[in-house]
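Reading the structure
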Amino acid sequence: METSSNDQRRVHLLYDITDEPPVPCEFKVGDKVTLTTRAGDVYRGLEVAGFGKAVNPELRPDAFIYLEDWDCYWYATSPDMLKLESRGDASQEAVVLGGAHED
């Protein structure tokens, strides 16, 4: 039986990643981010899907964030390649939409 890329994505999301980062970082599951690759390609509107369960010190130790909505969902990226667009947390959005702002 042949598996689809959607099936592979579901397996990856269920077994390979977690909601908590293995090291502290500013990003959370559901955040919308812009990814700028080392080659300078920019991808906007991507969503943080989750985090690697552990950091691999021998292979890309800074890459532990997985993104939805792009072709390389299985390839972890590092926080320094991401820029926060908006928080995925509904309670945070309510505060912002409720009129909280800096003077």
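This write-up is about the structure you can find in this document. (Residues numbered from 1 in each chain as written. Predicted model: local features only at pLDDT ≥ 70, side-chain atom pairs only at ≥ 80, totals over all residues. Heavy atoms only, no water.)

This next bit is on the nonpolar core. The biggest cluster of nonpolar side chains holds twelve residues, and these are Phe27, Val33, Leu35, Leu46, Val48, Phe51, Phe64, Ile65, Leu67, Trp70, Met81 and Leu82. At the level of elements, β2 (32-36), β3 (42-52) and β4 (65-68) are the ones that each hand at least two residues to this core. Beyond its immediate sequence surroundings of up to four residues, Leu82 is in contact with Phe27, Val33, Thr34, Leu35, Ile65, Leu67 and Thr77. Among the nonpolar cores identified, the runner-up in size contains five residues, and Ile17, Ala49, Ala63 and Tyr66 belong to it. (Core = buried A, V, L, I, M, F, W, Y, C linked by side-chain atoms within 4.5 Å. Buried < 20%, exposed > 50% of the residue type's maximum accessible area, 1.4 Å probe, protein only. Helix = DSSP H or I, 4+ residues; strand = E, 2+ residues; numbered from the N terminus. Contact = heavy atoms within 4.5 Å.)

Let us look at the packing of aromatic side chains. Scanning the model with the defined rule gives two aromatic pairs in all. With a centroid separation of 6.4 Å and an interplanar angle of 35 degrees, the aromatic rings of Phe51 and Phe64 are classed as tilted. Here Phe51 is found in strand β3, whereas its partner Phe64 is found in the loop between β3 and β4, with 13 residues between them in sequence. Overall, the relative accessible area of 0% leaves Phe51 in the buried class. Residue classification places Phe64 among the buried residues on the basis of a relative accessible area of 4%. (Phe/Tyr/Trp six-rings, centres within 6.5 Å; stacked < 30°, edge-to-face > 60°.)

A positive phi angle, near 50 degrees, is found at Arg60, a position not held by glycine. Mapped onto the elements of the fold, Arg60 is located in the loop between β3 and β4. Since its relative accessible area comes to 32%, Arg60 is described here as partly exposed.

Before going further, it helps to spend a moment on the environment of Ala76. With respect to the element layout, Ala76 can be found in the loop between β4 and β5 (82-86). Look at Ala76 and you get buried, because its relative accessible area is 5%. Separated by 16 residues in the primary sequence, Ala76 and Arg60 place their C-alpha atoms 8.9 Å from one another. Discounting chain neighbours no more than four positions away, the residues touching Ala76 are Arg60, Ala63, Phe64, Ile65 and Tyr66.

What follows is about the pattern of salt bridges. Under the definition given, this model contains five salt bridges. Its salt-bridge partner being Arg87, residue Asp31 comes within 2.4 Å of it at the nearest N-O pair. Of this pair, Asp31 sits in the loop between β1 (17-18) and β2 while Arg87 sits in the loop between β5 and α2 (90-97), and the two are 56 residues apart along the sequence. Relative accessible area serves as the criterion here: at 23%, Arg87 is assigned to the partly exposed category. A salt bridge links Asp69 to Lys32, with the nearest nitrogen and oxygen atoms 3.8 Å apart. Here Asp69, found in the loop between β4 and β5, pairs with Lys32, found in strand β2; they are 37 residues apart in sequence, far enough to count as distant. Its relative accessible area of 46% is what places Asp69 among the partly exposed residues. (Salt bridge = Lys/Arg side-chain N within 4 Å of Asp/Glu carboxyl O.)

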